[in-house]
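Fold and geometry: a report
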Amino acid sequence: MTPNVKEIFAGEAPPAPAALAAKVRTLAPSMTRSMQRVAEAVAGDPAGCAALTVTGLAELTGTSEATVVRTARLLGYPGYRDLRLALAGLAAQQQSGRAPAVTADISVDDPIADVVAKLAYDEQQTLADTAAGLDTVQLGAAVTALAAARRIDIYGVGASGLVAQDLAQKLLRIGLIAHPHSDPHLAVTNAVQLRAKDVAIAITHSGSTGDVIEPLRVAFERGATTVAITGRPDGPVTQYADHILTTSTARESELRPAAMSSRTSQLLVVDCLFVGVAQRTYETAAPALSASYEALAHRHSPRGRMR
């Protein structure tokens, strides 16, 4: 049975003020419409909402006091009082200039300089949101499993498939046996061969990609340690994941589809995994990296390119 959002975040400390907006963006798709109105209000105007009582916020959003309290708890706070304290902290950060205002979407007639500026801001925001919301306990557990893995299978299709390839080639360069799979049939047939001491990683922004969920389920049932990298911590993929690494859910537009923002956040998580594993296995990882550099060095020299 798929765990609900309350179960996923049970036992976690309340998110820091800087992580509040990221958590709203991540969890909003799984909220009811009335809860979304509360979440969007507190993320959009933390200073104004911090000054409101629970009754005032309910009136502002056209909801009920019970909805406000449920939203606060869903976001990781024991009650509305704790959420108000976080809002006050976030407002202070924004006033100090550490939290820039959200820029407008890219339009079809934007000058290329504006496109560059808007994309750069959105990419920075996506990375900041992902870093703020990433559970370092889960990340550490995934790193531990990868460092000791006999074999690592990584599942992803579309843009997530490119991220799977990126992680696999990084791990291969430090001497680990890693295989990316974008073909669902090959992914399942390989997952059948996994067992304890192996690791399977599923990368899916939506959390509901069947071609990725199916091999992860098989790996989970075979006893492998399983990891989900997803933008939906309440998505179906998480029911087969021992460790869940949540990525940011950024704003989408006609000229900036979800695949662009999801790739950015996924690559950050992948890099964190790689560096963590390289640290844990430094005695073997460092010589392996040196060997791979040396093996490819002639391809980057003028003499090597002429051959």
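Our structure's up above, just so we're on the same page.
The following paragraphs examine the structure supplied in this document. Please read all numbers here as calculations on a predicted model, not as lab measurements.

1. Examining the overall build of the protein chain
In terms of helices and strands, the protein chain carries 15 helices and 5 strands. Contacts in the protein chain between residues far apart in sequence, at least 24 positions, make up 71% of those at least 6 positions apart.

2. Quick look at the packing of helix 11 (residues 184-191) against helix 12 (residues 210-221)
Running from N to C, helix 11 and helix 12 point in directions that differ by 10 degrees, and their axes come no closer than 8 Å. With respect to helix 12, the axis of helix 11 lies roughly parallel. From helix 11, Pro184, Ala187, Val188 and Ala191 reach across to helix 12, where they touch Asp211, Glu214, Pro215, Val218 and Ala219. Residue classes in the contact of helix 11 with helix 12 are distributed as 7 nonpolar, no polar and 2 charged.

3. Quick notes on the sheet that holds strand 5 (residues 243-246)
Taken together, the 5 strands give an open sheet; going across it, the order is 2-1-3-4-5, and neighbouring strands pair in parallel fashion. A strand with exactly one partner marks an edge of an open sheet, and here the two such strands are strand 2 (178-181) and strand 5. Going from strand to strand, the sheet's axes swing by 15 degrees on average, the running direction of each strand aside. Examined bridge by bridge, strand 3 (residues 199-204) and strand 4 (residues 225-230) share 6 bridges and lie parallel to one another. Note on strand 4: the bridge partner recorded for Ile203 is Ile229. This element, helix 10 (residues 159-172), spans strand 1 (152-155), strand 2 and strand 3 of the sheet and lies at about 170 degrees to strand 2.

4. Notes on the nonpolar core
In terms of nonpolar packing, the biggest core is built from 30 residues, with Ile152, Ile154, Leu171, Ile201 and Leu273 touching the most fellow members. Of all elements in the fold, only helix 9 (136-147), strand 1, helix 10, strand 3, strand 4 and helix 13 (258-280) reach the threshold of two or more residues within this core. Take this core: its biggest share by element is 6 residues, from helix 13. Here Ile154 is in contact with Ala164, Leu167, Ala168, Leu171, His179, Pro180, His181, Ile201 and Ile203, once residues within four sequence places are set aside.

5. Considering the pattern of salt bridges
Opposite charge on two side chains permits pairing when their charged atoms draw close. According to the stated counting rule, one finds 8 salt bridges in the structure shown. Notably, a salt bridge pairs Glu40 with Arg33, separated by 3.9 Å at the nearest N-O pair. In this structure Glu40 comes out as partly exposed when scored by relative accessible area, which is 44%. Its salt-bridge partner being Asp271, residue Lys170 comes within 3.4 Å of it at the nearest N-O pair.

6. Things to note about the side chain of Thr71
Considering the arrangement of structural elements, one finds Thr71 in helix 6 (residues 65-74). Once residues within four sequence positions are removed from consideration, Thr71 is found in contact with Met35, Val38 and Ala39.

7. Considering the side chain of Ser160
Here Ser160 is to be found in helix 10. What Ser160 contacts, discounting residues up to four positions off in sequence, is Ile203, Thr204, His205 and Gln266.

8. With respect to unusual backbone geometry
In this structure, Lys197 takes a positive phi of about 85 degrees despite not being glycine. Residue position: Lys197 is located in the loop between helix 11 and strand 3.

9. Quick notes on helix 3 (residues 33-44)
Taking 1.5 Å per residue, 12 residues should reach 16 Å; helix 3 reaches 16 Å between its end C-alpha atoms and fits that length. Those residues of helix 3 lying buried are Met35, Gln36, Val38, Ala39, Ala41 and Val42.

10. Some remarks on the packing of helix 5 (residues 54-61) against helix 6
Packed helices, taken two at a time, are described by their axes: the angle between them and the distance between them. With their axes 8 Å apart at the nearest point, helix 5 and helix 6 run at an angle of 100 degrees to one another. Judged on the interaxial angle alone, helix 6 and helix 5 are roughly perpendicular. Residue-level inspection shows Val54, Thr55, Leu57 and Ala58 of helix 5 in contact with helix 6, the latter providing Glu65, Val68 and Val69. Residues belonging to the contact of helix 5 with helix 6 are distributed by class as follows: 5 nonpolar, 1 polar and 1 charged.

11. Things to note about the environment of Lys170
Inspection of the secondary structure puts Lys170 in helix 10. Along the sequence, Lys170 and Val275 sit 105 residues apart, while their C-alpha atoms lie 9.5 Å from each other. Among all residues touching Lys170, those that are not within four sequence positions of it are Val270, Asp271 and Phe274. A distance of 2.6 Å separates polar atoms of two side chains, one belonging to Lys170 and the other to Asp166. Here the side chain of Lys170 touches Asp271 through a polar contact of 3.4 Å, side chain to side chain.

Rules of the game
Residues numbered from 1 in each chain as written. Predicted model: local features only at pLDDT ≥ 70, side-chain atom pairs only at ≥ 80, totals over all residues. Heavy atoms only, no water. Helix = DSSP H or I, 4+ residues; strand = E, 2+ residues; numbered from the N terminus. Contact = heavy atoms within 4.5 Å. Axes fitted to C-alpha atoms, helices over the stretch in contact; angles between N-to-C directions. Parallel < 35°, antiparallel > 145°, perpendicular 65-115°, else oblique. Nonpolar A, V, L, I, M, F, W, Y, C, P; charged D, E, K, R; others polar. Pairing = 2+ DSSP bridges. Core = buried A, V, L, I, M, F, W, Y, C linked by side-chain atoms within 4.5 Å. Buried < 20%, exposed > 50% of the residue type's maximum accessible area, 1.4 Å probe, protein only. Salt bridge = Lys/Arg side-chain N within 4 Å of Asp/Glu carboxyl O. Expected span 1.5 Å × (residues − 1). Polar contact = N/O pair within 3.5 Å; in protein donor to acceptor, adjacent residues only side chain to side chain.

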